[in-house]
Amino acid sequence: MAFPDPSFFPLLLVALPFVAALALGLSRSDRERSGWVALGIAIVQTIIAVALYPQVVDGKVLSLKVAWAPSIGLDLIFRMDGFTWLFAVLVTGIGTLVVLYARYYMSPNDPVRRFFSFLLAFMGAMLGVVLSGNVIQLVVFWEITSLFSFLLIGYWYHNAAARDGARMALTITATGGLALMAGMLLLGHIAGSYELDVILASRGAIQDDGLYDIALALILLGALTKSAQFPFHFWLPNAMAAPTPVSAYLHSATMVKLGVFLLVLLWPVMAGTTLWFWIVGTAGLITLVLGAYAAIFQQDLKGLLAYSTISHLGLITLLLGMSSPLACVAAIFHIVNHATFKASLFMAAGIIDHETGTRDLRRLSGLFRFMPITATAAMVASAAMAGVPLLNGFLSKEMFFAETVETHTGTLLDRALPYVATLAGLFSVVYSVRFIVETFFGPDPEGLDKEPKEPPRWMRWPVEFLVLICLVVGIIPGITIGPFLATAVLAVLGDETPYYSLSVWHGFNTPLIMSLTALIGGIIVWLLIRNYARSVEGPPIMRMLQGQRIFERIMVAISWRLAGRLEKILGTRRLQSQIGVVLIVVLIAGIAVVLRSDMSRFTFPSVVPDPVFTLIWIAGIACAIGAAHQAKFHRLVALVLMSGAGLVTVLTFVWFSAPDLAITQLLVEIVTTVLILLGLRWMPKREPDIYGTDHLPLSVKIRRARDLVIAAAVGISMTLIAYFVMTRSLADTMATYFLELAYPEGGGRNVVNVILVDFRGFDTFGEIVVLGIVALSVFALLRRFRPAPESMERPEQQRLLMEYFGREDDPEVDGPRRYMPVSSIIMHWMFPVIVVLAAYLFFRGHDAPGGGFAAGIAMSIAFLLQYMAGGTRWVEERLRVLPVRWIGSGLLIAALTGLGSWVFGYPFLTSFFQYTELPIVGRVPTASALLFDLGVFALVVGATVLMLIAIAHQSVRKPKKRPGDDDVEDADEPQQQPAMAPQGDA
Amino acid sequence: MELILAIGIGVLAGSGVWLILRPRSFQVIIGLSLVSYAVNLFIFSMGRLGTGLPPVIDPNNPMDVSAYTDPLPQALVLTAIVIGFAMTALFLVVLIVSRGMTGTDHVDGREPGQ
């Protein structure tokens, strides 16, 4: 394979615009630079696309496969054949012209960086669809084009019409995209592969399959919505609220062309059936006529062009619906022709809007004198749109007329086709004439916002260039577009490629008569209705076809009424009912599991339970029920009872050989209790039962009974499941692996600790990150918070103390030093003892119960005791605890330990260990896991202390004067926060 | 033994669930703690119960897997204890702040009927 390998370039074509869009979006480029970057990328894209021509000529196909999800047989395939090459050149070429044009069109107030970024991304998505060799991939890019067209149409989002238009376009096209997805899945299922080449080769299998009808309907739903075919046409005129460069791009060469692109792409396998003819042909025919008819009565330049676009897309669709190879050739040809003249017309309309300040046909007049060059170009393009000879539009329209004359099915519709086609051609002449005459001729315009003039040179250039193409293709088609069209047609039709001739003069035949009829008739009709057309708002009769109204009604019904009704039925703002539902669902799931298991082996114990253990649990059960009963009115009692249940849990861990759990649970129990004790101060006084004690309302009784039933059911199920599992013998589990490898591989004898810091170190790392985040959240929540005013008042106990000991000390800030001196001193002296205990727990952790978690919590208890004994003020004058730094260094140590193993070429957190002899201390394990555990330790200390201090500081942060203090000056705040200040409050 | 523990787990869970369904936030916080005891014990018991078999290896004797309890549920529960503590602390603070801002300790942030 020679370098550069050409099969790489289709991928580059898709990726480059996305990369550029992202870079541009993230950069700080100004107006000038964004324009240049976008233009540069677009030019490079065009050059790449054009240069790939030799690779696709003569039916050759470029293809690159990139593994995506090989396990389910999905690969990303970037594929280019003659037809998609033609499309890619259209997308990139017209994209370049649009970018150039937009540089001059966009106002200095518009954020152009965003505009160009979206435009490039849209180009990438378009190329993604065009160059996909896998139909799933194609649908993904298809939906991306919908998303970016939404962003582009809604670019001026301060404008309600732009927002509505964007939303409508997205809703219609993305819904169609979903249908397309389903259709493509079916198609892939029928063909046995999602690869386009395989699908294209299985025509027989696909059309014979029973699922063909459904797949076809779904795919057509996607294609017809995208190409704005009746009855989904109404989104396109609404999308005209977009900036004109967007309209020029989306509605000439790209977005709306995707629908017909897909129809052409799948034409070889899907076309030819009756169903195809009826759906595609009918939709195309109706759209062709209605679009042209509606365009006549538009007063907005862009509106006229929008309906004309709809009509021309209808023409292409109709051609494809006819299912004859020649019609397919005409469709491909017209795709190209329409893109060139329509893009130039949109840009011309934008120039007129830009230079006069209006697009209203009734206000515009006689512009030829002011902008002769633009006017000439626009007139040529309109003539191409009307199908005037010597222009490209004439050629494809002639082919279309010729095809309608051919008999295909012999039905009534088929026989009427030439007449209907001529009528549509006549309409298109009417609106083209109207566009030209009313804009460029007649008296000088009056009441314009500004004096019209020619636009800047390079703003006009894209229009001129495209018009030149219209002319050249129209005069000498055989040697200009001919070879490229032939390549494209060969790629689609292969052996079926028919003979066709691209010359201007085919003799005096039926199509020519039809063309002439349409031209002359169109001018006559225009003369007859010219005044009427100016006076109406919207097309007569067709106004009654209110697709848009129906769409809006459906949207309101679904997204407003139905959603509101569902929310009323299913939603609630009450937490209790939500939790209730969750619990009931879990309960049902649990019961289902129990019912489905084999209960025959459910045996009762033959051994008598240990009396001590039984007694312990009788106490535990009493504590749990007591806590549940007391939590409403006697919070302290409930807290003590809860801790009692916690202690029973600790004892159970001890009993059943889990010393690590017991230590950690015990320490956590202490910290939790203190935390809640601190929080108790800020809860409102519990008023006596609002319902009184004697007569509860029935609803309350029912609610409580219901909750009791749920609680009992959960409890009983838990008991049953736990018992059921515990009495089963345990099969061989992972435990063996951990037990056998803990010492030889992890270097620790305490298997639980080795699992935490070594085997599953990454999980522990995640866990300490969570802990740190929680601590910071607590800190952030409380940082600016002031307690409720009614809990500012000193509790009765504090007031009594202050009366007895004098008012110098504030017991809330200064702790019990004055009135509990003995306990206070003991607590002070406990500090070094607990620090040693923490160190002991830490170092033995790898070999015996203990470890970073337990040591960290023990250490934080040491700090906690100081706060309790000395009060906030006293401690913080003497001890600077910087919890956030503890958290930070903890995380850093743990992460660095993990990264350290990378240095030695091992995966993240691979541990290393050995034992070293230290003087006095003796043999200590120096595993890298110990360092990791140190990180855990530091983080746990920091997090716990941060939370405790944040809550304890609530009592410090009060207004200076409080109710209940008559003359006592409260300590002011800044002095109170040495520990907190450096990290956050500053 | 298993039966006693199973009943204990059930009572802890039932009491906790009852409290979680109550309207006052303090009741919920106590309830959550009780439920975490129950769940921790439940997960722990999945490794089966055994006395005198702590998973601390004696390197002097040959490896005998049956001489130790399952360390994996213990490791799981150890992390669960710490995360449970963090959850309780966070919930407590949310409770305090919500009470300060709404003036009520009802879980919905407003008294019923308001």
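Residues numbered from 1 in each chain as written. Chains lettered and ligands numbered in written order. Predicted model: local features only at pLDDT ≥ 70, side-chain atom pairs only at ≥ 80, totals over all residues. Heavy atoms only, no water.

Focus: the interface of chain B and chain A
Then step 1. Listed as interface residues are 83 residues of chain B and, on the opposing side, 102 residues of chain A.
Then step 2. Note on chain B versus chain A: buried area summed over both sides is about 8,700 Å², and carbon and sulfur give 79% of it.
Then step 3. Counting the contacts that link chain B with chain A gives three salt bridges.
Then step 4. Aspartate 108 of chain B is paired through a salt bridge with arginine 574 of chain A; the nearest N and O atoms lie 3.9 Å apart. (Contact = heavy atoms within 4.5 Å. Buried area = accessible area lost by both parts, 1.4 Å probe. Salt bridge = Lys/Arg side-chain N within 4 Å of Asp/Glu carboxyl O.)

Overview of the UniProt feature "transmembrane region" (unreviewed entry) in chain B
All names here are of chain B.
Then step 1. Under the present numbering, the feature "transmembrane region" (unreviewed entry) in UniProt falls on residues 6–21, 28–46 and 75–97.
Then step 2. End-to-end, the C-alpha atoms of residues 6–21 are 23 Å apart, and along that stretch the chain is 94% helix and 0% strand.
Then step 3. With 95% helix and 0% strand, residues 28–46 has end C-alpha atoms that lie 27 Å from one another. (UniProt positions renumbered as here; feature names shortened; annotations may be inferred. Helix = DSSP H or I, 4+ residues; strand = E, 2+ residues; numbered from the N terminus.)

Remarks on helix α18 (residues 392–405) of chain A
Then step 1. Compared with the 20 Å implied by 1.5 Å per residue over 14 residues, the 21 Å span of α18 of chain A between its first and last C-alpha is a close match.
Then step 2. Listed in full, the buried residues belonging to α18 of chain A are Asn392, Gly393, Phe394, Leu395, Ser396, Lys397, Glu398, Met399, Phe400, Phe401, Glu403 and Thr404 of chain A. (Expected span 1.5 Å × (residues − 1). Buried < 20%, exposed > 50% of the residue type's maximum accessible area, 1.4 Å probe, protein only.)

Here we look at the pairing of strand β1 (residues 62–69) of chain A
All names here are of chain A.
Then step 1. The pairing of β1 with strand β2 (residues 74–80) spans seven bridges and is classified as antiparallel. From the neighbouring strand, valine 66 faces β2, where its bridge partner is leucine 76.
Then step 2. A loop of four residues connects β1 with β2, the two strands running antiparallel in sequence, and glycine 73 in this loop sits at a positive phi of about 70 degrees. (Pairing = 2+ DSSP bridges.)

A closer look at helix α15 (residues 301–321) of chain A
Residue and element names in this part refer to chain A.
Then step 1. Compared with an ideal rise of 1.5 Å per residue, which puts 21 residues at 30 Å, α15 spans 30 Å between its outermost C-alpha atoms and is within 8% of the ideal.
Then step 2. The buried fraction of α15 is high, at 21 of 21 residues.
Then step 3. N-capping of α15 is provided by aspartate 300, with a side-chain oxygen placed 3.2 Å from the backbone N of lysine 302.
Then step 4. Immediately downstream of α15, the backbone of serine 323 shows phi near 65 degrees, a positive value. (Polar contact = N/O pair within 3.5 Å; in protein donor to acceptor, adjacent residues only side chain to side chain.)

Concerning the side chain of threonine 96 of chain A
Residue and element names in this part refer to chain A.
Then step 1. Position of threonine 96 among the secondary structure elements: in helix α4 (residues 82–105).
Then step 2. Here threonine 96 falls in the buried class, since its relative accessible area comes to 13%.
Then step 3. In this structure the side chain of threonine 96 is engaged in a polar contact, spanning 2.7 Å, whose partner is the side chain of threonine 46.
Then step 4. Not counting residues up to four positions away in its chain, the partners in contact with threonine 96 are Leu39, Ala42, Ile43 and Thr46.

Describing the confidence of the model for chain A
Then step 1. Considering every residue of chain A, the mean pLDDT works out to 84; 88% of them sit at 70 or more.
Then step 2. Between residues 959–986 of chain A, whose pLDDT stays under 50, and residues either more than four places distant or in other chains, the model counts 60 contacts. (pLDDT = per-residue confidence, 0-100.)

So, the environment of leucine 801 of chain A
Then step 1. The residue leucine 801 of chain A is located in helix α32 (residues 796–805) in this model.
Then step 2. For leucine 801 of chain A and arginine 818 of chain A, which are 17 residues apart along the polypeptide, the C-alpha to C-alpha distance reads 9.8 Å.

Side note on the nonpolar core
All names here are of chain A.
Then step 1. In this structure, Met184, Trp235, Leu262, Met270, Trp276 and Ile332 are the most contacted members of the largest nonpolar core, which totals 198 residues.
Then step 2. The element contributing the most residues to this core is helix α16 (residues 325–356), with 19 residues.
Then step 3. Structurally, this core is a two-domain feature, drawing no fewer than three residues from each of domain 1 (1–270) and domain 2 (272–540).
Then step 4. Excluding residues within four positions of it along the chain, methionine 184 makes contact with Val135, Leu138, Val139, Tyr194, Ile219, Leu262 and Leu266.
Then step 5. Of all hydrophobic cores here, the second largest spans 132 residues; its members include Phe653, Leu739, Ala862 and Met947. (Core = buried A, V, L, I, M, F, W, Y, C linked by side-chain atoms within 4.5 Å. Domains from an automatic or database assignment.)

Some details on the environment of leucine 319 of chain A
Residue and element names in this part refer to chain A.
Then step 1. The residue leucine 319 is located in helix α15 in this model.
Then step 2. Once the C-alpha coordinates of leucine 319 and leucine 285 are considered, the two residues, 34 residues apart in sequence, prove to be 9.1 Å apart.
Then step 3. Here leucine 319 is in contact with Ala327, Ala330, Ala331, Phe400 and Glu403, once residues within four sequence places are set aside.

Some points on unusual backbone geometry
Residue and element names in this part refer to chain A.
Then step 1. With an omega dihedral of 5 degrees, the bond running from phenylalanine 230 to proline 231 counts as a cis peptide bond.
Then step 2. As for its placement among the helices and strands, proline 231 is situated in the loop between α10 (212–226) and α11 (235–238).
Then step 3. Phi at alanine 228 is positive, roughly 55 degrees, even though this residue is not glycine.
Then step 4. With respect to the helices and strands, alanine 228 occurs in the loop between α10 and α11.
Then step 5. For leucine 390, which is not glycine, the phi dihedral falls at a positive 75 degrees.

A short note on the pattern of salt bridges
Then step 1. Considering all chains together, one arrives at 20 salt bridges over all chains under this definition.
Then step 2. Aspartate 707 of chain A serves as the salt-bridge partner of arginine 22 of chain B, at 2.2 Å between the closest nitrogen and oxygen. With arginine 22 of chain B in the loop between α1 (2–20) and α2 (25–45) and aspartate 707 of chain A in helix α28 (residues 698–726), the pair connects residues from two separate chains.
Then step 3. When its relative accessible area of 2% is taken as the criterion, aspartate 707 of chain A is described as buried.
Then step 4. Aspartate 105 of chain B is the partner of arginine 24 of chain B in a salt bridge, and the nearest nitrogen-oxygen pair spans 3.1 Å. Residue arginine 24 of chain B is found in the loop between α1 and α2, and its partner aspartate 105 of chain B is found in the segment after α3 (71–102); the two are separated by 81 residues along the sequence. Each of the two residues, arginine 24 of chain B as well as aspartate 105 of chain B, counts as buried.
Then step 5. Linked by salt bridges that have partners in common, Glu454, Arg457, Arg460 and Glu464 of chain A make up one network.

Notes on a nonpolar patch on the surface
Residues and elements named next belong to chain A.
Then step 1. A cluster of nonpolar side chains, Leu390, Leu468, Leu471, Val472, Ile475, Ile476 and Ile479, forms an exposed patch at the surface whose accessible area comes to about 600 Å².
Then step 2. Mapped onto the fold, valine 472 is located in helix α20 (residues 457–475).
Then step 3. Residue classification places valine 472 among the partly exposed residues on the basis of a relative accessible area of 30%. (Patch = residues over 30% accessible without salt bridge, like charges linked within 9 Å, V, L, I, M, F, W, Y side chains within 5 Å. Areas by Shrake-Rupley, 256 points an atom, 1.4 Å probe, with all protein chains shown as cover.)

Topic: the packing of aromatic side chains
Residue and element names in this part refer to chain A.
Then step 1. Per the stated rule, a full pass over the model turns up 32 aromatic pairs over all chains.
Then step 2. With a centroid separation of 5.8 Å and an interplanar angle of 55 degrees, the aromatic rings of phenylalanine 831 and phenylalanine 863 are classed as tilted. Placement of the pair is phenylalanine 831 in helix α34 (residues 821–844) and phenylalanine 863 in helix α35 (residues 852–878), with a sequence separation of 32 residues.
Then step 3. The class of phenylalanine 831 is partly exposed, set by a relative accessible area of 23%.
Then step 4. Three or more aromatic residues link up through ring pairs in this structure, and these residues are Phe831, Phe842, Phe843, Phe863, Trp886 and Phe937.
Then step 5. Positioned over the ring face of tryptophan 36 is arginine 103, at 4.3 Å from the centre of the ring.
Then step 6. One residue, arginine 457, lies across the ring of tryptophan 458, its end atom 5.9 Å from the ring centre. (Phe/Tyr/Trp six-rings, centres within 6.5 Å; stacked < 30°, edge-to-face > 60°. Lys NZ or Arg CZ within 6 Å of the ring centre and 35° of its normal.)

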